[in-house]
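Descriptive analysis of the structure
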Amino acid sequence: MTPHWTEEPGAPVTAVVEGLPDAAAAADWIGIRRDELRRVLARHGALYLRGLPVRTAADFALVRDALFAERAKYQEKATPRSDFGDDVFSSTDLPPAQAIRMHNENSYTLTFPRLLLFGCLTAPAEGGATPVADVRRVLDHLPADLVDRFRRHGWSLVRNYAEHISLDWRTAFAGNSRADVERYCAANAIDFTWGDDDTLRTRQVRSATIRHPHTGEEVWFNHVAFWSEWALDPDIRDVLVGEFGRDGLPFSTALGDGTPLTPEEVAVLDAAYARATVRRTWQAGDLLLVDNILTAHGRDAFRGDRKIVVAMGEPVALADCTPSVPALAERA
């Protein structure tokens, strides 16, 4: 059965696959056509497969293993997820009313997954799409002067780990001791400061643009807009700043030299993502394969039950992606 790819305005490229009896047959079908799927993925950055008999997390793991040559870890955790076993997780457990902004998974780590696979086990009654944006196009839509500043300086991320305002450091770093965290930070070019009440503050500088290790294409690859203080709801931001100060926000971003971003600059970044974003409404059994270097993803708010699982694969080192700030490649 050869897939027929359809391209519709505003939606990811999609193939409908019918007639497969079970997940084992779906995994066999994917394994036979993996090279074709990779070619389509390299062109479009993301692709949908619809109609596969993927009904459980175990089914999803079968097709995942047919697609991925290697599994990747979720590092420096940032959102709560449910673990379904066998390296299959919920996409996020954040509240349904909260939309999730566009981002490339783990763009702030020195090693990140090249591939992401999402699967729909239960489709929501309303909303809940996983939008995707080709970050080659995002880069093209950004003002040249702003991009040049980020190419020169990279971007910085400050995180405050505390039980009541974000994930605690034990959860985020999957470590039980301060020594574990300190070793990780030392190995991953992260500055850290321990605070009162078992809190932790970290800062890391990463390249804002990189090049795909296989195609050589430059992409906009970061969490700059995602974790900007200006991305917070204004009322929530006011409360957090009033309670903890700007230095105490759960996340904040800036240019790598520490220059703050203005609300107007973050709005420009948001607009570039919006111009490149496409989405498709989930149906049970759908798979969404994403090249995490070529494509950002997010989540629309939703109503009703929604069960989207995710797996990460084929880790890539920042040093292999020609970061625009050469010193970062050396530190990596």
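What counts as what
- Residues numbered from 1 in each chain as written.
- Predicted model: local features only at pLDDT ≥ 70, side-chain atom pairs only at ≥ 80, totals over all residues.
- Heavy atoms only, no water.
- Buried < 20%, exposed > 50% of the residue type's maximum accessible area, 1.4 Å probe, protein only.
- Helix = DSSP H or I, 4+ residues; strand = E, 2+ residues; numbered from the N terminus.
- Arc of directions from axis to C-beta.
- Contact = heavy atoms within 4.5 Å.
- Axes fitted to C-alpha atoms, helices over the stretch in contact; angles between N-to-C directions.
- Parallel < 35°, antiparallel > 145°, perpendicular 65-115°, else oblique.
- Left-handed = near helix turned anticlockwise from the far one by under 90°.
- Nonpolar A, V, L, I, M, F, W, Y, C, P; charged D, E, K, R; others polar.
- Pairing = 2+ DSSP bridges.

So, on to helix H5 (residues 144–153). Of all the positions in H5, only Leu146, Val147 and Phe150 are classed as buried. Projected down its long axis, H5 shows its buried positions confined to an angular sector of 100°, all on one face. Facing away from the buried side of H5 by more than 90 degrees, the exposed set consists of Ala144, Asp145 and Arg152. In this structure, the buried side of H5 is in contact with helix H4 (135–141), strand S10 (155–161), strand S14 (218–220), strand S15 (251–255) and helix H9 (263–276). Glycine 154 sits one or two residues past H5 and shows a positive phi near 70°.

Packing of helix H1 (residues 23–32) against helix H3 (residues 57–67) brings their axes to within 8 Å, and their N-to-C directions diverge by 15°. Considering the angle they form, H1 stands roughly parallel to H3. Where H1 crosses over H3, the two elements pack in a sense that is right-handed. Residues Ala23, Ala24, Ala26, Ala27, Ile30 and Gly31 of H1 lie in contact with H3, whose contacting residues are Asp59, Leu62, Val63, Ala66 and Leu67. Here the contact of H1 with H3 is composed, by residue class, of nine nonpolar, one polar and one charged.

In this section: the sheet that holds strand S18 (residues 295–299). Across the sheet, which stays open at both edges, the four strands sit in the order S6-S18-S9-S16 with antiparallel pairing between neighbours. Across the chains shown, the open sheet's two edge strands, defined by having one partner strand only, are strand S6 (100–103) and strand S16 (277–278). Here strand S9 (residues 132–134) runs beside S18; their pairing, made up of three bridges, is antiparallel. From the neighbouring strand, aspartate 134 faces S18, where its bridge partner is threonine 295.

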